[in-house]
Amino acid sequence: MIRLARPRLLSNIAVGVLIVLLFLLPVLYVLMMAFETPAHFLNSPMTPGTPTVSNFGQAWSSANLGGELVNTVIFSVVSGALSVAFGLLIAFPVARRLLRGHSMIYTYLFIGMFLPMSIIPMYAEARMLGLWDNAVGYILIHIAMPGLPGMALAVVLLTASISSVPLELDEAAWMEGSSYLAYLWRVIVPISRPALLIGFLYAMLNDWNDIIGPVVLLNNPALATVTKGINSFAGDNSSQYTLIAAAVVIASLPVVILFIACQRQINEASLAGSLKG
Amino acid sequence: MISDKRRPGRRRRLGTIAATVAITGAVSLTAAACAGNGGTGASGGGNTLKLTTWVNPPAVAVLKQINAEFEKANPGTSVTLNTAANVNGPYQTLLQQSVNSGSADIVTANTPLLPLPKKLNNTNATPIQLWETNGQFADLSGQSFTKDYTSSALSAQTYQGKVYGLTSGEYQEGVFYNKAIFSKYHLSVPTTYSQFLSVCKTLKSHGVQPLYTALGQVGSPYTQFLYYEAMTDLWYPKAPGGNLANAIMNDQVKWTDPAFVKGMSEEKQIAQYLEPNYTGINWQTMAGGPFAAGKAAMELDGSWDLPSIQKANPKLQAGYFPVPFSSSASANQAYAQNDLTFYVLKNAKNKSLAMKWLQFFSTPKIYAQYVNATGISSAQKSGTFTGYASQVMGKWFGKGVNQTTLYPALSPSNGYYDQQANWADLQLEVMQGKMSPQQAAATYQKDWKG
Amino acid sequence: MWGGLWLAVAVYTLFGIVPMIGNIVISFTDYTELQGAAVHNVGFTNYAQMFSTQAPGLEQGLVATAVFVVAVTLGQNILALLFAHKLAGSSRLAAVGRLLVFLPIALGVTIVGLLWSLIFNPASGPMASFFGLFGIHSAFFGADNWAMTLVILVQIWMNTGFSTLVFIGGLRSIDPALYEAAAVDGVGGWQRLRRITYPLLAPSITVNVMLALVGSFTMYNLIYVLTAGKYGTQTLGMLSFNVAFGSFEADLGYGAAVSVLLFVLTLVVALPMLLALRRRERKLLT
């Protein structure tokens, strides 16, 4: 370990404290609430009492959080992945200027970054195409829904990233007789990993945080997402803070675990960081 | 590039991620496709009734019980209940979506049909008015169960001689008070404005929180606990034809009416006795809050919260009186509004089952079960109701000036959500002392389109 | 070979562009979603209504949007730069730090909304006790003079993690040899930051500024869960949502008109900004 100079050490500690205060404390507070008895919380909301797990049992049994979490994960992961995959299919020919009008296509996609939510026509369209109130339709729509610019961002990031890949690699692949998709998969994907992962995370998180889509584009309660479920649950049990806190902990636990499990991938996403424009 | 020796490992991991994503994708698409088929199969069947309503815990709980009893009485049928929160949009969206897609058989709402705008069109009508006047709902007038209901309940949903909705009952708004606290300080129920203020003052002098309400998340619309009552007590008695709503819609009276300006200045006085920061406390937490816990002497609320208050503190001895705005006790009336109303979609897949459900709902035993559990008063001609709400409301139970004759059904062109001139926002500004009653009235009248 | 390209463009057109065109069309009508009901061309009525003296929410919406966008874009990027600078390392502590700052966005907007509502609950929340120590009592998310600031802070809190990740990527892509060379030349501290880090970070800055800018312009979901646009927090994104969904008096044409205005405003602000950032990148990198 390198010995740190004093001011540097102080600033490190300051930032560390800031992160703990801003990011750890709020989470710990809610965690504490989740383990409180309602009576204790009502009388002394600031201090921990004897921990109880009864809130968790009650929250789990009175809401369908499990099913809703599975839905949310499937919807956001699949449509996020498809956004990026389609983004790549556009970005490569555009970055390589392989067809006429490549810059027009780029601009066309770029506009997608700025589109605001257009849920009313989206709903009408979904009804017309038979994509309303079913999972496949929901996922398809979320690939490029206005206001959730995952695909547009993927195109922007990937075009920049692919532009920095030497053309010689393409040529070598043509000589080998590698197919286009195989080449994309074997060469371009590994090299553009950072852009792919940032794009995927962005698209996925946007879908994850969509609050109006689940209400307008879905009706079947079996397809409900956790954003809708938690909202209803909080309304149903509005003054039972400890119960809501328990539901919040249950609903976020899988995400946190997923995130810790993917920490290395996310970390590596930023390793090479070729977000050059 | 960074450490080439790590490359193969990283590539393998990438492969794993990609494979996982691909598999999840494939599995979920297949699963979804199956679910989709199953779903349409079930909804196409003749024995699943789909009911859509908003989250109001006591009502949802009793509807679930009723559905179970209906299923028992009609073997082979099932009833599904789809709900969404009624604060700031989710239910309104679910309702629109259910009506437009025909994905429910029975939908519910509590927005009034009447009075209709003079020249009804797409922009000045509320969705309920649009649906009813455009024949989206089935006509109930030939159904035998309608005979059980009062003519005023039926006429509230009647358009061109056809009844499009079944009103389940009325809720009331006003003051709920803690009887134990009142007797401890030797207070009697106030019947005039000055008595009410002196009750508040006495409680405050003893260090008791006099009045409680919560406007967090919902914001100004629930200042209606005060302004509807102010209108009822001071303005309504002077309305031409005994119908203030119509008079306002037809510009026979103005929002700047001195009677109501007086009401607003009284609102401001009363607001002093509310707990601090009432605009930041989540509206949905009100029922289980300090009033139920015996820490506040009175609560401004609607009777729909009574079952939740009872659940939060079964021992609480509560009573009711309408907020008295007038100095004459006889002018101080309660405010009432038609509560949950059932509509059968005209193109419902299970229309006959929907009618059968409404018939079942209307039978005396089931109907009493519903009324007693929800805090509303009856819309049926007969029956005895002994629920918690009837005990708390006492002589006021089921008595009040109904919204249909008090207040217009505001549509977008009336600027309901209009920031510069939103009626409810203006009331809050007055209550918080940011605007004088005269300014508020003038501001709203200026933009009023009738 | 270009089948994939055209398929992707088609999906984007169908689900991204067509709805936006639909929005533009609806903004000129009195559309109601009602099946079979006549839809009338109302010309510029919805736009005229927006700019008339009645102006439902427009003036306040413009001010709120401007404040929100500027504060979030600046705050989010400055904080993220600071965090990225400290958390780019490979130590375990840095990894924990990265996890913590990324946590909020992974929790999702509904949970974030509930969490901060609980913390700023004016009756029993920890922040009420904390500020109470200084004699400050407020309705927080229900107070005109607090709500906007708090909403901005929560938005920054929620999204800083993502920006930090992008910045860490940018920092790590800087060749360590450059720093070593600088050290040999006796260039340190501030100079090193100005001459190496800052220019080479330019692409990440462009991405982050654009994402924060566009994100805060069109955002409505977080405001929805915190205040629903009440108490001075109704930005244009929130307004267009509220007009169309927020009450039982949905006015879809008007909501669409607001969202078209929002689109134009976003383009007008973001495009020149992007061009400027790109130009700056080129200048710094060559």
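Residues numbered from 1 in each chain as written. Chains lettered and ligands numbered in written order. Predicted model: local features only at pLDDT ≥ 70, side-chain atom pairs only at ≥ 80, totals over all residues.

Quick word on the overall build of chain B
- In terms of helices and strands, chain B carries 17 helices and 14 strands.
- Looking at chain B as a whole, 53% of its 450 residues qualify as buried.
- Across chain B, contacts joining residues at least 24 apart in sequence account for 77% of those joining residues at least 6 apart. (Helix = DSSP H or I, 4+ residues; strand = E, 2+ residues; numbered from the N terminus. Buried ≥ 20, exposed ≤ 12 C-beta atoms within 10 Å, placed from the backbone. Contact = placed C-beta atoms within 7 Å.)

What about the overall build of chain C?
- When its secondary structure is counted, chain C shows 13 helices and zero strands.
- Ordered by position in the sequence, the α and β elements of chain C form the string α-α-α-α-α-α-α-α-α-α-α-α-α.
- With the C-alpha coordinates aligned to their principal axes, the bounding extent of chain C is approximately 75 × 65 × 35 Å.
- Out of the 286 residues in chain C, the part that is buried amounts to 55%.
- Sequence-distant contacts, at least 24 apart, represent 70% of the contacts inside chain C between residues at least 6 apart.

Digging into the interface of chain A and chain C
- Every contact between the two is made by 73 residues of chain A and, on the other side, 72 residues of chain C.
- By residue number, the principal contributor to the side of chain A that touches chain C is helix H1 (residues 6-34) of chain A, which donates eleven residues.

Overview of the confidence of the model for chain C
Residues and elements named next belong to chain C.
- Averaged over every residue, the pLDDT of chain C is 87; the share at 70 or more is 96%.
- Within chain C, the element-level pLDDT minimum falls on helix H9 (residues 189-200), averaging 80, and the maximum on helix H1 (residues 3-26), averaging 94.
- Our summary of model confidence lists the complex with pTM equal to 0.86 and ipTM equal to 0.87. (pLDDT = per-residue confidence, 0-100.)

Examining the confidence of the model for chain B
Residue and element names in this part refer to chain B.
- Residues of chain B with pLDDT of at least 70 account for 87%, and the chain-wide mean is 85.
- Counting interchain partners and residues more than four positions distant, the pLDDT-below-50 stretch residues 1-45 has 34 contacts.
- Note on residues 412-420: pLDDT is under 50 here. Beyond four places in sequence and across chains, it has 34 contacts.

Brief notes about the sheet that holds strand E1 (residues 48-54) of chain B
Residues and elements named next belong to chain B.
- Sheet architecture is open: five strands sit in the order E2-E1-E3-E12-E6, paired in mixed fashion. Two strands close off the open sheet at either side, each with one partner strand: strand E2 (78-84) and strand E6 (166-167).
- Here E1 pairs with E2 via seven bridges, running parallel. Note that in E2 the partner of Trp54 across the bridge is Ala84.
- On the sheet, helix H2 (residues 57-73) packs against E1 and E2 and is oriented at approximately 165° with respect to E2.
- Sheet strands touched by helix H12 (residues 351-362): E1, strand E3 (106-109), E6 and strand E12 (341-344). Its angle to E12, the strand with the most contacts, is close to 155°. (Pairing = 2+ DSSP bridges. Axes fitted to C-alpha atoms, helices over the stretch in contact; angles between N-to-C directions.)

So, the domain arrangement of chain B
All names here are of chain B.
- Each domain of chain B was delimited in the assignment, giving domain 1 (45-168 + 339-397) and domain 2 (173-336 + 415-447).
- Inter-centroid distance (C-alpha atoms) of domain 1 to domain 2 is 28 Å.
- On the side of domain 2, 20 residues touch domain 1, which itself brings 19 residues to the contact.
- Looking at the side of domain 1 that touches domain 2, the elements that each hand over two or more residues are H2, helix H13 (364-374) and helix H14 (388-393).
- Top contributing element to the side of domain 1 that touches domain 2 by residue count: H14, with four residues. (Domains from an automatic or database assignment.)

Things to note about helix H8 (residues 176-184) of chain C
- Of all nine residues in H8(C), zero are buried; the element is thus mostly exposed.
- Directly beyond the C-terminal end of H8(C), a positive phi value near 75° is found at Gly186(C).

A look at the pairing of strand E11 (residues 335-338) of chain B
Residues and elements named next belong to chain B.
- With burial as the criterion, each face of E11 is covered, one bearing Tyr335 and Gln337 and the other bearing Ala336 and Asn338.
- As paired elements, strand E7 (residues 169-178) and E11 share four bridges and run antiparallel to each other. Note that in E11 the partner of Gln172 across the bridge is Ala336.
- Where E11 and strand E14 (residues 401-402) come together, two bridges link them in parallel fashion.

Brief notes about the packing of helix H3 (residues 54-62) of chain A against helix H14 (residues 241-261) of chain A
Residue and element names in this part refer to chain A.
- Axis separation between H3 and H14 bottoms out at 8 Å; the angle between their running directions is 75°. With respect to H14, the element H3 is oriented roughly perpendicular. The residues of H14 that touch H3, namely those facing Asn55, Phe56, Gln58, Ala59 and Trp60, are Thr242, Leu243, Ala246, Ala247 and Ile250.
- Grouping the constituent residues of the contact of H3 with H14 by class yields seven nonpolar, three polar and no charged. (Parallel < 35°, antiparallel > 145°, perpendicular 65-115°, else oblique. Nonpolar A, V, L, I, M, F, W, Y, C, P; charged D, E, K, R; others polar.)

A word on the environment of Gly253(C)
All names here are of chain C.
- For Gly253, the position within the fold is in helix H13 (residues 252-285).
- With 29 C-beta atoms packed within 10 Å, Gly253 lands in the buried category.
- Along the primary structure Gly253 and Val243 are separated by ten residues, whereas in three dimensions their C-alpha atoms are 9.2 Å apart.

Section: helix H4 (residues 92-107) of chain C
All names here are of chain C.
- With 16 residues, H4 extends 22 Å from end C-alpha to end C-alpha; this agrees with the ideal 22 Å at 1.5 Å per step.
- At Val101, H4 shows its maximal kink, close to 30°; a proline, Pro104, follows between one and four residues later.
- Inspection of H4 places Gly97, Arg98, Val101, Phe102, Leu103, Pro104, Ile105, Ala106 and Leu107 among the buried residues, and these make up the whole buried set.
- Trailing H4 by a residue or two, Gly108 shows a phi angle of about 95°, which is positive. (Expected span 1.5 Å × (residues − 1). Bend = angle between axes of the 7 residues up to and from the residue.)

Quick word on the nonpolar core
- Core analysis: the largest hydrophobic core is formed by 312 residues, its most contacted members being Ile90(A), Ala245(A), Ala247(A), Val248(A), Met231(B) and Val344(B).
- Counting residues per element, this core draws most heavily on helix H4 (residues 65-95) of chain A, which supplies 17 residues.
- Taken domain by domain, the makeup of this core includes at least three residues from each of domain 1 (45-168 + 339-397) and domain 2 (173-336 + 415-447) of chain B. (Core = buried A, V, L, I, M, F, W, Y, C linked by C-beta atoms within 7 Å.)

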